[in-house]
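Overview (structure and organization)
The chain contents come next:
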Amino acid sequence: REREIQRERSKEGKEARSLLRVSNSDTKAKMSSENSSSSSLRDSAGNPNWNAILKWSVDEGLRQEAELKAKGGGEMKEKAQTRRTISEEDRAWFLKAIESGVVDEVKRIKEITEKIIGKDPRGERIETEEEEEERVLALEELRDRLESVDNAKDLGKIGGLEPLLEGIQSEKWDGIRAMSAECVAVSVQNHPEAQKNAMACDALNVLLLALQSEKHLNKKSNAKVIYALSCLVRGNAEVMSMFVESDGIESLAKCGLTSSVVKTRVKAAALLRHASVTSEEAMKRTIDAKVIEVVATKLSVNVESGSSSSSLTDLAQERESYARLLLDIAERVDFTTNEDAVNQFRSDGFTQTLRESRKVIDDGANGGITDEKEFILAVDRLRNMLE
């Protein structure tokens, strides 16, 4: 019996020493944690570091739970049943912290369009490239927020489209012009209500005039202008009809296909491919605008020599866009009512372009052109049709 009592006492002593070691370790860890937490719970600007706050809260909760278990379950139950009283000061701090971490999308969009853009939408008072870059960064943020369908819808309601359309008309800064057009494109793409809001702001006319601007014919921003036009008219038969009636096809042929910027030419060919087959009137305007001749000439230049200022990927996209545009016209045009289409397809220049294209394909030249299946297929189908 005495030996059993000694064993029990020895066991209790070991448990006490173990608890003491845990307590000391926890105390040191707590002091270290408190010292590091005080500096990590806020970033360098003094704003709440939410990830650090969450981690600290979880760790602190687990530590307290372990401490209560070590002291006994009764005390843990008693503490759990005791409600903490939150002061008004703590409540106000908490609500302010939550508010600072949540962005009101509509409010932020309005701030960008009014405060940053609204006072000088065309950037006429901007004097340096640094100021332009600051404006472009603000527009990039706006573009990202407009990816949301709800935000794109709200843009028209808060009057955000007007300053963007003004920005597209910037004569001084091409970056502002390009990013303003991209914001319009993102907001109206596949969005009937946003398209309606844009048309109410005369967006179609603004974009067509921007495309036709002689000063910007060879600027990179014209690719974004055509992108905005495409997003505005595609999927909307009424707007597409207005685009055709407003000489949109002629503008693409004259100002888009003739640009020195390959991306602009590719965008123009892609929109022409879609617009030309939407109606008989659209097809007639396409033939009358000599689109077949213009595209054949551009394709011939591409396959003969390419362009040192353009990447192989851009040139491949250009070849494909031209060939597919020509094929769609050839397959959809009514040759009995469009005699000029026959003449353009049967011209010596067009026939020569097809021969050159086929030769480049056979030779496997121009950076692996044999892998461009869509281009090869279009060329072969065109040759078969004309033969």
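Residues numbered from 1 in each chain as written. Predicted model: local features only at pLDDT ≥ 70, side-chain atom pairs only at ≥ 80, totals over all residues. Heavy atoms only, no water.

Relative to each other, helix α19 (residues 339-346) and helix α20 (residues 348-363) sit at 50 degrees, their axes nearing to 5 Å. The angle between α19 and α20 places the two elements in the oblique class. Taking contact as the criterion, the partners of Gln344, Phe345 and Arg346 in α19 are, on α20, Asp348, Phe350 and Thr351. Each residue belonging to the contact of α19 with α20 can be placed in one class, and the counts come to two nonpolar, two polar and two charged. (Axes fitted to C-alpha atoms, helices over the stretch in contact; angles between N-to-C directions. Helix = DSSP H or I, 4+ residues; strand = E, 2+ residues; numbered from the N terminus. Parallel < 35°, antiparallel > 145°, perpendicular 65-115°, else oblique. Contact = heavy atoms within 4.5 Å. Nonpolar A, V, L, I, M, F, W, Y, C, P; charged D, E, K, R; others polar.)

Another point: the environment of Asn222. With respect to the element layout, Asn222 can be found in helix α12 (residues 221-233). If sequence neighbours within four positions are ignored, Asn222 has contacts with Arg177, Ala210, Leu211, His216, Leu217 and Thr264. A polar contact is formed between the side chain of Asn222 and the backbone oxygen of His216, at a distance of 3.2 Å. (Polar contact = N/O pair within 3.5 Å; in protein donor to acceptor, adjacent residues only side chain to side chain.)

To continue, consider the packing of helix α17 (residues 291-304) against α20. Where α17 meets α20, the axes come as close as 9 Å, and the angle between the chain directions of the two elements is 30 degrees. Considering the angle they form, α17 stands roughly parallel to α20. For the pair α17 and α20, the sense of crossing is left-handed. Two secondary-structure elements touch here, α17 through Ile292, Ala296, Leu299, Ser300, Val303 and Glu304 and α20 through Phe350, Thr353, Glu356, Ser357 and Val360. For the contact of α17 with α20, a count of residues per class yields six nonpolar, three polar and two charged. (Left-handed = near helix turned anticlockwise from the far one by under 90°.)

Quick look at the side chain of Arg319 now. Here Arg319 shows up in helix α18 (residues 312-332). Classification of Arg319 as buried rests on a relative accessible area of 2%. Polar contacts involving the side chain of Arg319 include one to the side chain of Glu372, which spans 2.7 Å. (Buried < 20%, exposed > 50% of the residue type's maximum accessible area, 1.4 Å probe, protein only.)

Attention shifts here to the nonpolar core. Leu232, Phe243, Leu257, Ile329 and Phe350 are the most contacted members of the largest nonpolar core, which totals 84 residues. Dropping the residues within four chain positions of it, Leu257 is found in contact with Leu252, Arg265, Ala268, Ala269, Leu272, Val291, Val294, Val295, Lys298 and Tyr322. (Core = buried A, V, L, I, M, F, W, Y, C linked by side-chain atoms within 4.5 Å.)

Summed over all chains, the structure comprises 23 salt bridges. Measuring nitrogen to oxygen at the nearest pair gives 2.7 Å for the salt bridge that ties Arg319 to Glu372. In this pair, Arg319 is assigned in helix α18 and Glu372 in the loop between α21 (365-368) and α22 (373-386), connecting sequence segments 53 residues apart. Overall, Glu372 belongs to the buried group, its relative accessible area being 13%. One salt-bridge network, in which partners are shared between bridges, spans Glu105, Arg108, Glu111, Glu141 and Arg145. (Salt bridge = Lys/Arg side-chain N within 4 Å of Asp/Glu carboxyl O.)

The residue Asp120 is located in the loop between α5 (105-118) and α6 (129-145) in this model. For the buried Asp120, no salt bridge exists, and the shortest N-O distance to an oppositely charged side chain is 4.1 Å, to Arg135. Excluding residues within four positions of it along the chain, Asp120 makes contact with Arg125, Ile126 and Arg135. (Lys, Arg positive; Asp, Glu negative; His and termini not counted.)

Moving on: the confidence of the model for the protein chain. Keep in mind that low pLDDT regions are not for reading the predicted coordinates in detail. For the protein chain, the average pLDDT comes to 83, and 78% of its residues sit at 70 or higher. By mean pLDDT, α21 is the weakest element of the protein chain at 52, and α12 is the strongest at 97. (pLDDT = per-residue confidence, 0-100.)

It is worth spelling out the environment of Lys290 at this point. Residue placement: Lys290 occurs in the loop between α16 (280-288) and α17. For the pair formed by Lys290 and Ala253, sequence separation is 37 residues and the distance between their alpha carbons is 8.0 Å. Dropping the residues within four chain positions of it, Lys290 is found in contact with Asp340 and Gln344. One polar contact links Lys290 to Asp340, side chain to side chain, over a distance of 2.9 Å.

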